[in-house]
Amino acid sequence: KSREAGDPAADSSPKLAAAKHQEEAASKKKLCVKAAKEHSIPEDLNKVLENKVMETVLGLSYVKLSVVEMTCSGDADSEGIVSKSVSSHSDLIPGVYEGGLKIWECTFDLMDYFSEAEIEFANKTVLDLGCGAGMLGIVALQDEAARVHFQDYNSTVIDEITLPNVVANCTSAGRRKDRKASKPPSKRPRKAEGSPDVLNRCRFFSGEWSQVSQLLLNSNKPCSKYDLILTSETIYNPDYYSALHDTLAQLLDRNGRVYLASKVHYFGVGGGVYLFEKFIEEKNVFTTKIVKTIDQGLQRCIMEIAFKNSC
């Protein structure tokens with residue numbers, strides 16, 4: 001340390017040092033821009049659930065994370081996020097792993113709100129943004145959404161968590177249709193009970209938001225704007241607000257709605273509801289409305305977002 005302090009060259013060019021620091025920061029940011037990718041749905045759906053152990057919450061099946069942590073390695077986890085998350089005891093490694101392996105509590109808040117507010121998904125186009133386990137999109141599928149797209153930052157999350165969860169719940173979607181029609185449940189095998197039909201309404205994407213937006217907008221497959229964008233616990237980091245705002249502005253239908261669930265404040269990373277509201281207000285593109293506040297434990301909110309002057 002004393003040598004560094006006494007080195008005249010160390011202080012001779014603060015501009016060069018500042019430029020070097022900016023370069024390093026820029027290169028780190030570039031590393032965080034994960035390229036977008038669409039994930040194909042395997043023809044053999046049994047393979048999707050191979051080696052998976054399922055648990056149930058609120059009537060929905062989901063992959064047991066502890067088993068994924070023990071079994072997911074090599075090609076199944078090309079990003080290495082499972083081992084990195086376990087070894088670092090962290091649910092969040094910015095730019096590497098963005099929390100999609102876990103189901104966060106605000107997801108359940110938003111699912112409750114769908115029921116309370118009688119949100120209508122039938123015949124709507126829906127995006128589950130930052131989907132993780134995909135629970136929000138699965139609810140939309142079961143309520144007869146016309147199309148549901150799932151996006152998560154990490155490709156491992158889509159392949160090992162989201163897609164298996166959607167496949168495991170396709171049977172439930174089939175049964176739900178039977179109940180609505182007042183018919184007895186089908187006795188066909190689980191795999192054939194409507195899974196392909198439901199999956200035909202789904203697409204799965206991984207990558208950073210701005211990259212996924214570009215992939216969707218420039219895709220050969222026509223992609224109309226979304227009637228509903230559902231997202232939970234995605235505003236924890238203020239560094240991501242600009243990308244999130246632009247994604248919503250590019251992909252939401254002019255008369256569409258965003259339903260966002262969040263903690264009021266995220267300690268350690270600094271984001272939260274009021275900071276994001278302020279950010280949106282300054283951009284002057286959307287209006288926001290807090291439609292529900294949950295006071296148990298850390299205060300949490302459901303926010304509705306719409307374009308200004310929309311119907």
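Residues numbered from 1 in each chain as written. Predicted model: local features only at pLDDT ≥ 70, side-chain atom pairs only at ≥ 80, totals over all residues. Heavy atoms only, no water.

K.L.:
I tried to follow the overall build of the protein chain on my own but got confused; where do I start?
P.N.:
Of the regular secondary structure elements, the protein chain holds 13 helices and 10 strands. Looking at the protein chain as a whole, 46% of its 311 residues are labelled buried. Sequence-distant contacts, at least 24 apart, represent 70% of the contacts inside the protein chain between residues at least 6 apart. Counting every atom, the protein chain has about 16100 Å² of accessible surface; 51% of that belongs to carbon and sulfur. (Helix = DSSP H or I, 4+ residues; strand = E, 2+ residues; numbered from the N terminus. Buried < 20%, exposed > 50% of the residue type's maximum accessible area, 1.4 Å probe, protein only. Contact = heavy atoms within 4.5 Å. Areas by Shrake-Rupley, 256 points an atom, 1.4 Å probe, with all protein chains shown as cover.)

K.L.:
Looking at this structure, how should I read the pattern of salt bridges?
P.N.:
Any two side chains of opposite charge can pair if their charged atoms end up close together. Inspection of every chain in the model, using the stated rule, returns 12 salt bridges. Glu160 is the partner of Lys52 in a salt bridge, and the nearest nitrogen-oxygen pair spans 2.9 Å. Taken as a pair, Lys52 in the loop between helix H4 (45-48) and strand E2 (54-57) and Glu160 in helix H9 (residues 155-180) lie far apart in primary sequence, 108 residues in all. Note on Glu160: relative accessible area 14%, which makes it buried. Residue Glu304 is joined to Lys289 by a salt bridge in which the shortest nitrogen-to-oxygen separation is 3.9 Å. Here Glu304, found in strand E10 (residues 300-307), pairs with Lys289, found in strand E9 (residues 286-294); they are 15 residues apart in sequence, far enough to count as distant. (Salt bridge = Lys/Arg side-chain N within 4 Å of Asp/Glu carboxyl O.)

K.L.:
Explanation requested: the packing of aromatic side chains in the structure shown.
P.N.:
To describe a pair of aromatic rings, one takes the distance between the centres and the angle between the planes. In this structure the tally under the stated criterion is eight aromatic pairs. Measuring from ring centre to ring centre gives 5.1 Å for Phe114 and Phe121, while their planes differ by 85 degrees; the resulting arrangement is edge-to-face. In terms of burial, Phe114 and Phe121 fall into one category: buried. When the ring of Phe150 is compared with that of Phe204, the centres are 5.1 Å apart and the planes differ by 10 degrees; the resulting orientation is stacked. (Phe/Tyr/Trp six-rings, centres within 6.5 Å; stacked < 30°, edge-to-face > 60°.)

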